Amino acid sequence: MQSKATTPEQYINELRNDRKEVIQKLRQTILENLPKGFTEQMSYGMLGYVVPHNLYPSGYHCNPELPLPFINVASQKNFVALYHSGIYASEPLYDWFVTEYPKYVKTKLDMGKSCIRFKNMDTIPYDLIGELCSKISVEDWISLYEKNTKKRKP
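Cut-off values and rules
- Residues numbered from 1 in each chain as written.
- Predicted model: local features only at pLDDT ≥ 70, side-chain atom pairs only at ≥ 80, totals over all residues.
- Heavy atoms only, no water.
- Axes fitted to C-alpha atoms, helices over the stretch in contact; angles between N-to-C directions.
- Helix = DSSP H or I, 4+ residues; strand = E, 2+ residues; numbered from the N terminus.
- Parallel < 35°, antiparallel > 145°, perpendicular 65-115°, else oblique.
- Left-handed = near helix turned anticlockwise from the far one by under 90°.
- Contact = heavy atoms within 4.5 Å.
- Nonpolar A, V, L, I, M, F, W, Y, C, P; charged D, E, K, R; others polar.
- Pairing = 2+ DSSP bridges.

Undergrad: Kindly report on the packing of helix 4 (residues 91-104) against helix 5 (residues 126-134), identifying the contributing residues and their values.
TA: For the pair helix 4 and helix 5, the least separation of the axes is 10 Å and the interaxial angle reads 165°. The orientation of helix 4 relative to helix 5 falls into the category roughly antiparallel. Both helix 4 and helix 5 take part in a crossing whose hand is right-handed. Listed contacts from helix 5 to Leu93, Trp96, Phe97, Glu100, Tyr101 and Tyr104 of helix 4 are Asp127, Leu128, Glu131 and Leu132. Grouping the amino acids of the contact of helix 4 with helix 5 by side-chain chemistry returns 7 nonpolar, no polar and 3 charged.

Undergrad: Break down the sheet that holds strand 5 (residues 115-118) for me, citing the residues and quoting the values.
TA: Read from one edge to the other, the open sheet built from 5 strands follows the order 1-2-3-4-5, with strand pairing classed as antiparallel. The sheet terminates laterally at strand 1 (39-43) and strand 5, the two strands that pair on one side only. Adjacent strand axes in the sheet meet at a mean angle of 20°, parallel and antiparallel pairs treated alike. Across 5 bridges, the pairing between strand 1 and strand 2 (residues 46-51) is antiparallel. By the bridge assignment for strand 2, Glu40 is matched with Tyr49. The sheet strands contacting helix 5 are strand 3 (68-75), strand 4 (80-84) and strand 5, and the helix crosses strand 4 at an angle near 20°.

Undergrad: Got a sec to walk through the environment of Met111? Specific residues and values, please.
TA: As for its placement among the helices and strands, Met111 is situated in the loop between helix 4 and strand 5. Each C-alpha atom, one on Met111 and one on Ala81, is 9.3 Å from the other, the two residues being 30 residues apart in sequence. With residues up to four places along the chain from it excluded, the contact list for Met111 reads Ile87, Tyr94, Phe97, Val98, Ile116 and Arg117.

Any functional reading would require information that these geometric values do not contain.
Structure representation (structure tokens):
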């Protein structure tokens, strides 16, 4: 569910109360653990954490007018989603996360390529998410992104 909110605060204020608290806590966790250089903005109708154009002028290859995305957080209809591009781009990071997750949550991990879905708001592993957010610097993300996007070009 994409929001038309123009600021993270507006996005959070539009949420129903049970989701508002969860998204605020995820936002706080990300902001406290994200390495220097990433910036927060609304991105694709969700909370977004991106590499700004002043650090990566090329922007996102699909639309260079947009900054390079890294993490998004959204309140979807049946779950809260954390989209982490680093998990999709780095097999060692993916493996680390999948191995660590059961140490924090007893239920099965519900995950797509970059999307981690939380259906039970009481079992979100904020400490694990904080650690995940801290594992890739802006420089490392740019390098990983370029390595992966150049692989796909003919």
